[in-house]
Amino acid sequence: SFAVEPALLSVPTTDRIDVRFTPTKLGRAWVVVTPSASLVEPPSRARMVANVGAVGALSCRVSGAEIQATQQSYALSGCQLDPGQIYALYVYVEDHRFNTDGTLSRTVFVKVIRSNNFAISPVLVTLPTLDGFDVRFQATVPGRAWAMAVDAIGGSGVTSLSIRSLQGALGGPECYFQ
């Protein structure tokens, strides 16, 4: 069980989440970050131990780390979180007997705040042709922008991360900007 339930130590970024907790006794700990779908039903203890549903790289989770009955802090990295989406972080602790009879933490909500927004939403200012099209938009504050053209049917899964990596972009370099 927990003497102090898990909590975030800093504002999460797309890449990193800092978390701390204090278990009541020594044993092992698992930490996972899951998509918002898990907010409907927290993962089972067995799924936690197997890292089922965890997002990001292996460095964005803790798998059976040895723990003491003192404050534990972890810096999860490579999480690949999408700004504006809600994620759930869970910690599971148990003793060294591995009976899957430990304690699952409460849900720790994780949300990466968007760094900018649209003052004027993107709008086509010319009709699309085989040679291209023009788009106009305005950000609320100065910064960086990414844009790409995608297939209308396959473009429904576009996220801010896929735009930044140009995943699914159509055309050549003249058809997107970073």
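Before reading on, note that the structure itself is shown above.
Residues numbered from 1 in each chain as written. Predicted model: local features only at pLDDT ≥ 70, side-chain atom pairs only at ≥ 80, totals over all residues. Heavy atoms only, no water.

Draft legend 1. A look at the state of the cysteines. For the structure on display, the rule yields one disulfide. Between the sulfur atoms of Cys-60 and its disulfide partner Cys-79 the distance amounts to 2.0 Å. Across the S-S bond linking Cys-60 and Cys-79, the dihedral sits near 100 degrees, which makes this disulfide right-handed. You can see Cys-60 sitting in the loop between α1 (45–49) and β4 (62–67) and its partner Cys-79 sitting in the loop between β5 (72–77) and β6 (86–94), a full 19 residues away along the chain. Assigned by exposure class, Cys-60 and Cys-79 land together as buried. (Disulfide = S-S within 2.5 Å. Helix = DSSP H or I, 4+ residues; strand = E, 2+ residues; numbered from the N terminus. Buried < 20%, exposed > 50% of the residue type's maximum accessible area, 1.4 Å probe, protein only.)

Draft legend 2. Spotlight on the pairing of strand β3 (residues 27–35). Summarising burial for β3: eight of the nine residues are buried, a large majority. Inspection of the sheet shows β3 paired to β4 by five bridges, in the antiparallel sense. Its bridge partner lying in β4, Gly-27 is registered against Ile-67. For β3 and β6, the ladder comprises eight bridges, and the chain directions are antiparallel. Its bridge partner lying in β6, Trp-30 is registered against Tyr-92. (Pairing = 2+ DSSP bridges.)

Draft legend 3. Summary view of the packing of aromatic side chains. Applying the stated criterion across every chain yields a total of four aromatic pairs. Seen in terms of ring centroids, Phe-118 and Phe-137 are 5.9 Å apart; in terms of plane orientation they differ by 90 degrees. Their pairing is edge-to-face. Linking Phe-118 in strand β9 (residues 118–124) with Phe-137 in strand β10 (residues 135–139), this pair joins segments that are 19 residues apart in sequence. By relative accessible area, which is 44% here, Phe-118 ends up partly exposed. With relative accessibility at 31%, the residue Phe-137 sits in the partly exposed group. By way of ring pairs, the aromatic residues Phe-2, Phe-21 and Tyr-74 are connected into one cluster. A cation over a ring is seen here: Arg-164 above Trp-146, with NZ or CZ 5.9 Å from the ring centre. (Phe/Tyr/Trp six-rings, centres within 6.5 Å; stacked < 30°, edge-to-face > 60°. Lys NZ or Arg CZ within 6 Å of the ring centre and 35° of its normal.)

All quantities given are derived from atomic positions and should not be read as evidence of function.
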